[in-house]
Amino acid sequence: MSENLWLALEIGNSRLHWALFRGEKLSKTWDSDYLPIAVIDQLAQYQSLEDFLLKIFPSSPPSPPSPSSPPPPLLLSSVVPSQTEIWQTYYQVRVITLDQVPLKGIYPTLGIDRALSLYGAGSTLGFPMLVIDAGTALTFTGADKHQNLVGGAILPGFHLQLASLTQKTAQLPFVETRNTKSLPQRFALNTEEAMQSGVIYTLLAGIKDFVEAWWCNFPDSKVAIKGGDRTLVVNYMKSQYPEIAARLIVEPNLIFWGMRSLFFL
Ligand SMILES: Nc1ncnc2c1ncn2[C@@H]1O[C@H](COP(=O)(O)OP(=O)(O)OP(=O)(O)O)[C@@H](O)[C@H]1O
Ligand SMILES: CC(C)(CO)[C@@H](O)C(=O)NCCC(=O)O
Ligand SMILES: [K+]
């Protein structure tokens, strides 16, 4: 393995999240769409690291120290079984499973993304820990100071809430997830803003409620937030609930931290 280079891949329900490590050091991260099977099949056949990186980076791949060394091993965390399946063809792949994550009290169907990001956050920043993942689904996952899973909750994320309104009604339009800091008017006077208001204010109130309930039991616990909508959530929280927002630790790489802790702690 060249310079202890390894790749980490988080397969989410919407897209792929990548990280390139040199030993313990996370040196680069990026997101991509799912790759076509044909591309994945090719990846394993690349002889050189340089060709390999060219293929998986959407733009400006890093220049490896030894371009002709073989492609790096891949560590995989996936919540999409059909995707896990097609990555099995890669020549050096290791799929992380729940039994490898050193948290206690895990239930068998817990998502590996939730387990790994909680473990990554807690092992790096300290337990007790609550992780909010603002992704396709929005999840809360918490553990106490003994690394016991306390539990969590799952709800549709921002985009999914808006999309389900559009898809399951006759008259509601497609509405983009807003990417601004300013909150919509709560009592809105047009359809688009009414949909945004409904989704955003109830999501924020829900997050506030869950975080406060967590702090009732674990007053000194850190709370970390990851996922594609993390910035949106945190910006809105800053306007609506600034004292809670101030305590949120924003960290997109919690799963990669989890993988690193599994192998280097
Ligand atoms: N370029 C992008 N492509 C897709 N979603 C994006 C993008 N940028 C921000 N998002 C937001 O990210 C959310 C999806 O989050 P994320 O990418 O973390 O999900 P995921 O990791 O693919 O899914 P899961 O939650 O299953 O892990 C969507 O609600 C969307 O609004
Ligand atoms: C909740 C999601 C979809 C979030 O990505 C994922 O963690 C998952 O599929 N979980 C399985 C169910 C559970 O965690 O209880
Ligand atoms: K996720």
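Basis of the calculations
Starting from 1, residues in each chain are numbered consecutively following that chain's sequence as written. The order in which chains are written sets their letters, starting at A; the order in which ligands are written sets their numbers, starting at 1. Totals for whole chains, interfaces and linings use all residues, but because this is a predicted model, local features are given only for residues with pLDDT of at least 70 and pairs of side-chain atoms are given and counted only at 80 or more. The side-chain figures draw on all heavy atoms in the structure; neither hydrogens nor water molecules are used. The rule for a residue being near a molecule or strand is that one of its heavy atoms must lie within 4 Å of it. Pairs of N or O atoms within 3.5 Å make up the polar contacts considered here, provided that, within protein, one atom can donate a hydrogen while the other can accept it, and that residues adjacent in sequence are counted only when both atoms are side-chain atoms. Residue type decides the class: Asp, Glu, Lys and Arg count as charged, Ala, Val, Leu, Ile, Met, Phe, Trp, Tyr, Cys and Pro as nonpolar, and the leftover types, Gly among them, as polar. When DSSP finds two or more bridges between a pair of strands, those strands are recorded as paired. Secondary structure elements follow DSSP: runs of H or I no shorter than four residues count as helices, runs of E no shorter than two count as strands, and numbering proceeds from the N terminus. For helices, the fitted axis covers only the stretch in contact; all axes are lines through C-alpha atoms, and the angles between them, taken along N-to-C directions, range from 0 to 180 degrees. Contacts are assigned to residue pairs that have any heavy atoms within 4.5 Å of one another. Partly exposed describes any residue whose relative accessible area lies between the buried limit of under 20% and the exposed limit of over 50%, with all areas from a 1.4 Å probe on protein chains only and scaled to the type maximum. Using a 1.4 Å probe, accessible areas were evaluated by the Shrake-Rupley method; residue-level cover was limited to the displayed protein chains. Salt bridge, as applied in this entry: a Lys or Arg side-chain nitrogen positioned within 4 Å of an Asp or Glu carboxyl oxygen.

Draft legend 1. Geometry of the site of ligand 1. Residues in contact with ligand 1 amount to 14 residues; listed here are only the nearest, Asn13, Arg15, His17, Thr136 and Asp229. Between ligand 1 and Ser14, the relevant distance is 2.9 Å, taken from an oxygen atom to a main-chain nitrogen or oxygen of the residue. Among the residues forming the shell around ligand 1, the class breakdown is one nonpolar, ten polar and three charged.

Draft legend 2. Representation of the sheet that holds strand β4 (residues 74-78) within the structure. Judged by pairing direction, the sheet is mixed, and its five strands sit side by side in the order β3-β2-β1-β4-β5 without closing on themselves. Each having just a single partner strand, β3 (25-32) and β5 (93-95) make up the two edges of the open sheet. Each strand axis lies, on average, 20 degrees off the axis of its neighbour in the sheet, ignoring direction. Sheet analysis places strand β1 (residues 5-11) next to β4, joined by five bridges and oriented parallel. Across the sheet, Ile11 pairs through a bridge with Ser78, a residue of β4. Contacts between helix α9 (residues 254-264) and the sheet are confined to β1, β2 (16-22), β3, β4 and β5, with β1 contributing the most and set at about 130 degrees to the helix.

Draft legend 3. Up close: helix α7 (residues 230-240). Within α7 the residues assigned to the buried category are Leu232, Val233, Val234, Asn235, Tyr236 and Met237. Here the buried face of α7 lies against β6 (129-134), α5 (158-167), α6 (191-217), β9 (222-226), α8 (242-245) and β10 (248-250).

Draft legend 4. Main features of the site of ligand 2. For ligand 2, the full set of nearby residues is Asn13, Val79, Tyr107, Thr109, Leu110, Gly111, Asp113, Arg114, Thr139 and Ile154. Between ligand 2 and the protein, one listed contact pairs an oxygen atom with a side-chain N or O atom of Tyr107 at 2.4 Å. Residue Arg114 places a side-chain N or O atom 2.8 Å away from an oxygen atom belonging to ligand 2. When ligand 2 is considered free in solution it has 380 Å² of accessible area, and contact with the protein chains removes 75% of it. Its residues assigned to classes, the shell around ligand 2 comprises four nonpolar, four polar and two charged.

Draft legend 5. Representation of the pattern of salt bridges within the structure. Applying the stated criterion to the full structure yields four salt bridges. Arg15 is the salt-bridge partner of Asp31, the closest N and O atoms lying 3.4 Å from each other. One end of the pair, Asp31, is in strand β3; the other, Arg15, is in the loop between β1 and β2, with 16 residues separating them in the sequence. A relative accessible area of 29% means that Arg15 is categorised as partly exposed. Residues Glu212 and Lys208 are paired through a salt bridge, measuring 3.3 Å at the closest nitrogen-oxygen approach. Of the two residues, Glu212 and Lys208 are both situated in helix α6; the distance of four residues between them amounts to about one turn of the helix. It is possible to trace a salt-bridge network through shared partners that takes in Glu10, Asp133 and Lys226.

Draft legend 6. Spotlight on unusual backbone geometry. Each neighbour pair has its own omega, and for Phe127 with Pro128 the value is 0 degrees, a cis peptide bond. Considering the arrangement of structural elements, one finds Pro128 in the loop between α4 (112-125) and β6. A positive phi angle, close to 65 degrees, is found at Gln147, a residue other than glycine. Structurally, Gln147 is set in the loop between β7 (137-143) and β8 (149-156). Exposure remark for Gln147: the relative accessible area of 26% places this residue in the partly exposed category.

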